[in-house]
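Each chain, letter by letter, is given below.
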Amino acid sequence: MKAITYTEFGGPEVLRLAEVDEPHAGPGQVRLKVVAAAVNPLDYKIRNGWRPQMAPPFPVIPGVEAAGVVDEVGEGVTGVAVGDEVLGWTVTGAYAEHALAVDFGPKPADLDWDLAAALPVAVETSVRVLGALGVGEGDTLLLHGAAGVAGAVGVQLAVARGATVIGTASPGNHDYLRSLGAIPVAYGAGLADRVREAAPQGIDAVYDAAGAGDLEVSIDLLSGTDRIITIADQKAAELGVTFSGPGGAPFGSRLGEYARLAADGKLTVRIAQSLPLEDAAKAQELSASGHAAGKLVLRP
């Protein structure tokens, strides 16, 4: 099969389109014929060697999110059959024509393939963070990086829980945030004053999806660290703030309900660009630039 691989850490130039052996479904696994694979910032961070503890053995096939058609079902797997359309997390790398998965959910037939591939990480992350923060009816949530993929999903899920969301983003994204139900504020100098103006009642919790150095401001606005969680700021520990990363708990059984919301137009992710698999280096460069307005997707 065709797959994107690399055999050493480095820049996007280490990525190669190669012919590799197809994986086959073992016990507890299904194999997907990948239709769409999502690109995440973690992909280029691992490729650069910045997350060596997370890197699989070389040669590496990047990517964790995919949507595709089940074409092999391993021993012990129930509730899914060859021909079913699913979305979820791969264990062999998503930038490939075939990938193995153990954590996945059903894809509605009317859900766009690119959107399906873009959902798993952002949905699981925001469900996990909002749950840990206890965000609910009547809360005011400050969400940093609200126009990013995880942030935008967080906005929508928090609004659905009955929360008021103050979302930080560049001015060019403010109309987008309003369309999601958030009150936008610009990040940068003077952020605390703008948040206080937007939320004179004060804020109850903070979800940092940006990692842009706003934890100190958040602590000041909350007068403490009890209800602040970041998914991106490496200074969290020294500031006494909770850092939340994927915990490895299966989420596929819940993913289907969010996929259904997306198919019904009640949950959305912006797709910046859909590219052929051989353009994986370009996709990772765009991801690293921070200028992609939404999710980048590869089509094998």
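Residues numbered from 1 in each chain as written. Predicted model: local features only at pLDDT ≥ 70, side-chain atom pairs only at ≥ 80, totals over all residues. Heavy atoms only, no water.

- Going by an unreviewed UniProt entry, the chain carries the name Alcohol dehydrogenase GroES domain protein and comes from Streptomyces violaceusniger.

### Some points on the overall build of the chain
Then comes step 1: The helix and strand inventory of the chain stands at nine helices and 14 strands.
Then comes step 2: Relative to its length of 300 residues, the chain is compact, with a C-alpha radius of gyration of 19 Å against a globular reference of 19 Å.
Then comes step 3: Considering only C-alpha atoms, the chain reaches an extent of 60 × 40 × 30 Å along its principal axes.
Then comes step 4: Put simply, the chain has 300 residues, and 52% of those count as buried.
Then comes step 5: Here the contacts in the chain between residues at least 6 apart in sequence split such that 64% fall between residues at least 24 apart. (Helix = DSSP H or I, 4+ residues; strand = E, 2+ residues; numbered from the N terminus. Rg over C-alpha atoms; globule rule 2.2 N^0.38 Å. Buried < 20%, exposed > 50% of the residue type's maximum accessible area, 1.4 Å probe, protein only. Contact = heavy atoms within 4.5 Å.)

### Details of the pattern of salt bridges
Then comes step 1: Within the structure shown, the criterion is met by 14 salt bridges.
Then comes step 2: In this structure, Arg 31 engages Glu 72 in a salt bridge whose closest nitrogen and oxygen atoms are separated by 3.6 Å. Taken together, the residues Arg 31 in strand β3 (residues 30–39) and Glu 72 in strand β4 (residues 65–73) connect sequence positions 41 residues apart.
Then comes step 3: Judged by relative accessible area, Arg 31 falls into the buried class, the value being 7%.
Then comes step 4: A salt bridge links Arg 260 to Asp 110; its shortest N-O distance comes to 2.9 Å. One end of the pair, Arg 260, is in helix α8 (residues 252–263); the other, Asp 110, is in the loop between β6 (98–106) and α2 (113–133), and 150 residues separate them in sequence.
Then comes step 5: Accessibility expressed as a relative area gives 34% for Arg 260, which makes it partly exposed. (Salt bridge = Lys/Arg side-chain N within 4 Å of Asp/Glu carboxyl O.)

### Things to note about the UniProt feature "domain: Enoyl reductase (ER)" (unreviewed entry) in the chain
Then comes step 1: UniProt annotation of "domain: Enoyl reductase (ER)" (unreviewed entry) refers to residues 10–298 when read in the numbering used here.
Then comes step 2: Secondary structure over residues 10–298 splits into 31% helix and 25% strand, and the C-alpha atoms at its two ends are 20 Å apart. (UniProt positions renumbered as here; feature names shortened; annotations may be inferred.)

### Topic: the sheet that holds strand β7 (residues 140–144)
Then comes step 1: The sheet built from six strands is open, its strands ordered β9-β8-β7-β10-β11-β12 with parallel pairing. In this open sheet, the two strands that pair with only one neighbour each are β9 (183–186) and β12 (242–243).
Then comes step 2: As paired strands, strand β8 (residues 164–169) and β9 are joined by four bridges and run parallel to one another. Opposite Ile 166, over in β9, you have Ile 183 as the bridge partner.
Then comes step 3: Sheet strands in contact with helix α3 (residues 149–160) are β7, β8 and β10 (205–208), and its direction is about 170° off that of β7.
Then comes step 4: Contacts from helix α5 (residues 191–198) reach β7, β8 and β9, with the element oriented near 160° to β9. (Pairing = 2+ DSSP bridges. Axes fitted to C-alpha atoms, helices over the stretch in contact; angles between N-to-C directions.)

### Structural notes on the pairing of β4
Then comes step 1: Where β3 lies against β4, seven bridges are found, and the strand directions are antiparallel. Residue pairing across strands places Arg 31 opposite Glu 72, the latter belonging to β4.
Then comes step 2: Relative to strand β5 (residues 85–90), β4 runs antiparallel, the two being bridged by five bridges. Directly across from Gly 68, in β5, lies its bridge partner Val 86.

### Thoughts on the packing of α2 against α8
Then comes step 1: Contact pair α2 / α8: the axes reach a minimum separation of 10 Å and the direction vectors enclose 120°. For the element pair α2 / α8, the angle class is oblique. Here the hand of the crossing between α2 and α8 comes out right-handed. Contacts from Leu 115, Leu 119, Pro 120, Val 123 and Val 127 of α2 reach α8 at Arg 254, Leu 255, Tyr 258, Ala 259 and Ala 262.
Then comes step 2: Counted by class, the contact of α2 with α8 contains nine nonpolar, no polar and one charged residues. (Parallel < 35°, antiparallel > 145°, perpendicular 65-115°, else oblique. Left-handed = near helix turned anticlockwise from the far one by under 90°. Nonpolar A, V, L, I, M, F, W, Y, C, P; charged D, E, K, R; others polar.)

### Structural notes on the packing of aromatic side chains
Then comes step 1: The full count for this structure, using the stated rule, is five aromatic pairs.
Then comes step 2: Relative to Trp 50, the ring of Tyr 44 has its centre 6.2 Å away and its plane inclined at 85°; by these criteria the two rings are edge-to-face.
Then comes step 3: Measuring from ring centre to ring centre gives 6.2 Å for Phe 251 and Tyr 258, while their planes differ by 20°; the resulting arrangement is stacked. Each of the two residues, Phe 251 as well as Tyr 258, counts as buried.
Then comes step 4: Taken together, the aromatic side chains of Tyr 6, Phe 9 and Phe 58 make up a single cluster linked through ring pairs.
Then comes step 5: If you follow Lys 107 out to its NZ or CZ, it ends over the ring of Trp 113, 4.3 Å from the centre.
Then comes step 6: Lying over the aromatic face of Tyr 176, Arg 270 brings its terminal NZ or CZ to 3.7 Å of the ring centre. (Phe/Tyr/Trp six-rings, centres within 6.5 Å; stacked < 30°, edge-to-face > 60°. Lys NZ or Arg CZ within 6 Å of the ring centre and 35° of its normal.)

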